[in-house]
Amino acid sequence: MDNRPIGIFDSGVGGLTVVKEVMNQLKNESIIYFGDTARVPYGSKSKHTVTKFSAQIIRFLLEQDVKAIIIACNTVNSNCIDELRELFPNVLIEGVVESGVKMAIDATSNNKIGVIGTEATISSGKYPELIKQSLANSEVFVKSCPLFVPLVEEGWLHHEVTRLVAKEYLESLLNKQIDTLILGCTHYPIIQDSLQQVVGEHVKLINPADETARFVGTLLIKHNLQSNNKANYEFFVSDHVRQVQQMAEMFLGYPIHQVKKIEIEKY
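Presented here is a report on the structure given in the accompanying data block. (Residues numbered from 1 in each chain as written. Predicted model: local features only at pLDDT ≥ 70, side-chain atom pairs only at ≥ 80, totals over all residues. Heavy atoms only, no water.)

**Some details on the overall build of the protein chain**
- Per the secondary structure count, the protein chain includes 11 helices and 10 strands.
- What you see for the protein chain is a C-alpha radius of gyration of 17 Å, in line with the 18 Å of a compact globule of 267 residues.
- C-alpha atoms of the protein chain, sized along the principal axes, occupy 50 × 40 × 35 Å.
- Across the 267 residues of the protein chain, 58% fall into the buried class.
- Taking all contacts inside the protein chain whose residues are at least 6 apart in sequence as the whole, residues at least 24 apart take part in 77%. (Helix = DSSP H or I, 4+ residues; strand = E, 2+ residues; numbered from the N terminus. Rg over C-alpha atoms; globule rule 2.2 N^0.38 Å. Buried < 20%, exposed > 50% of the residue type's maximum accessible area, 1.4 Å probe, protein only. Contact = heavy atoms within 4.5 Å.)

Below, the structure is given as structure tokens:
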């Protein structure tokens with residue numbers, strides 16, 4: 001048994017989708033969440049910058065004595081998770097990309113899979129690469145949707161503007177007759193209702209957070225790291241404390257009494 005917390009981080013509030021699933025599935029596990037709200041979004045930044053930012057965050061989380069880290073950011077996963085595992089070999093580091101691929105392959109009927117994400121995630125080619133490795137006869141269609149992150153950060157979850165932007169982005173994928181769509185950014189499930197309205201009920205939306213939480217639970221058991229304590233949740237940001245507190249309470253249905261701001265650049 002190991003009652004230390006799990007660290008989860010993202011560029012902003014999107015990682016709360018992973019927090020929610022870990023809370024639901026791993027009820028005894030404490031969580032320390034960090035949202036890099038001062039430097040969001042990551043999707044338009046270089047690999048070097050994303051790696052640097054992520055390493056700073058991991059150093060902060062390790063200072064909090066976490067036993068494992070979930071990278072709740074597809075941009076980081078797609079671009080530098082291997083480098084981060086090399087930099088920090090003494091802690092379990094898991095991400096969301098592989099989980100999303102597994103769910104999509106299990107869900108598709110016609111092997112036509114769409115992937116949406118930030119510019120950096122899409123340009124990395126990671127999702128099509130992994131899908132093709134497991135489902136050789138699949139067709140994968142990708143689309144970067146850079147406006148979704150600021151819409152989520154603005155709190156426009158059910159706004160007509162969000163639906164109009166989604167319709168513009170997703171039309172080309174729907175014309176390919178996809179039956180499965182991977183939400184390749186942890187911000188995107190927060191606007192899942194609006195996205196589902198646009199794509200219709202015949203398209204299965206894949207939120208990798210569900211499978212990620214399940215897989216991390218399996219890893220904790222494998223390494224004898226699971227907790228038997230009452231869970232405790234702490235939230236840290238690099239900016240915009242009140243905004244994250246409001247979003248967390250709304251999305252998690254959990255009263256967030258305190259969100260702490262830290263100077264992440266010192267790490």
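**Comments concerning helix α6 (residues 126-134)**
- Of all the positions in α6, only Y127, L130 and I131 are classed as buried. For α6, the angular spread of the buried residues around the axis is 100°, confining them to a single face.
- Considering only its buried residues, α6 is in contact with α3 (74-87), α4 (97-107), β5 (112-117), α5 (119-124), β6 (139-144) and β7 (180-183). (Arc of directions from axis to C-beta.)

**Observations concerning the sheet that holds β7**
- Pairing in this open sheet of four strands is parallel, and the strands run β6-β5-β7-β8 from one edge to the other. The sheet terminates laterally at β6 and β8 (204-206), the two strands that pair on one side only. Put simply, the sheet's adjacent strands are angled 20° from each other on average, direction ignored.
- Against the sheet, helix α8 (residues 160-174) makes contact with β5, β6 and β7, and its axis sits at roughly 165° relative to β6, the strand it touches most. (Pairing = 2+ DSSP bridges. Axes fitted to C-alpha atoms, helices over the stretch in contact; angles between N-to-C directions.)

**Overview of the sheet that holds strand β1 (residues 6-10)**
- An order of β4-β3-β1-β2-β9-β10 is seen for the six strands of this open sheet, with the pairing classed as parallel. Only two strands of the sheet have a single neighbouring strand rather than two, namely β4 (92-94) and β10 (259-261). Ignoring which end each strand starts from, the neighbouring axes of this sheet average 20° apart.
- With three bridges joining them, strand β3 (residues 68-71) and β4 adopt parallel strand pairing. Bridging from a neighbouring strand, I69 pairs with I93 of β4.
- Those strands touched by helix α2 (residues 47-63) are β1, β2 (31-35), β3, β4 and β9 (233-237), and its axis lies near 155° from that of β1.

**Considering the environment of S172**
- Here S172 shows up in helix α8.
- Each C-alpha atom, one on S172 and one on V142, is 9.5 Å from the other, the two residues being 30 residues apart in sequence.

**Digging into the pairing of β2**
- With five of five residues buried, β2 is to be regarded as a mostly interior element.
- Side chains I31, Y33 and G35 project from β2 onto one buried face, and the interleaved I32 and F34 project onto a second face that is buried too.
- Across five bridges, β1 lies against β2 in parallel orientation. Of the residues in β2, the one forming a bridge with D10 is G35.
- One crossover worth recording links β1 to the parallel β2 by way of helix α1 (residues 16-25), and it is right-handed.
- One ladder, built from five bridges, connects β2 with β9; its direction is parallel. Looking at β9, one finds that I32 is bridged to E234. (Right-handed = clockwise from strand over helix to strand, strands pointing away.)

**Brief notes about the packing of α4 against helix α10 (residues 209-222)**
- Viewed as axis vectors pointing N to C, α4 and α10 meet at an angle of 115°, and their least axial separation amounts to 8 Å. One way to sum up the angle between α4 and α10 is to call them roughly perpendicular. Taken as a pair, α4 and α10 cross one another with a handedness that is right-handed. Listed contacts from α10 to S99, K102 and M103 of α4 are D210, E211 and T212. (Parallel < 35°, antiparallel > 145°, perpendicular 65-115°, else oblique. Left-handed = near helix turned anticlockwise from the far one by under 90°.)

These figures come from the coordinates and say nothing about function on their own.
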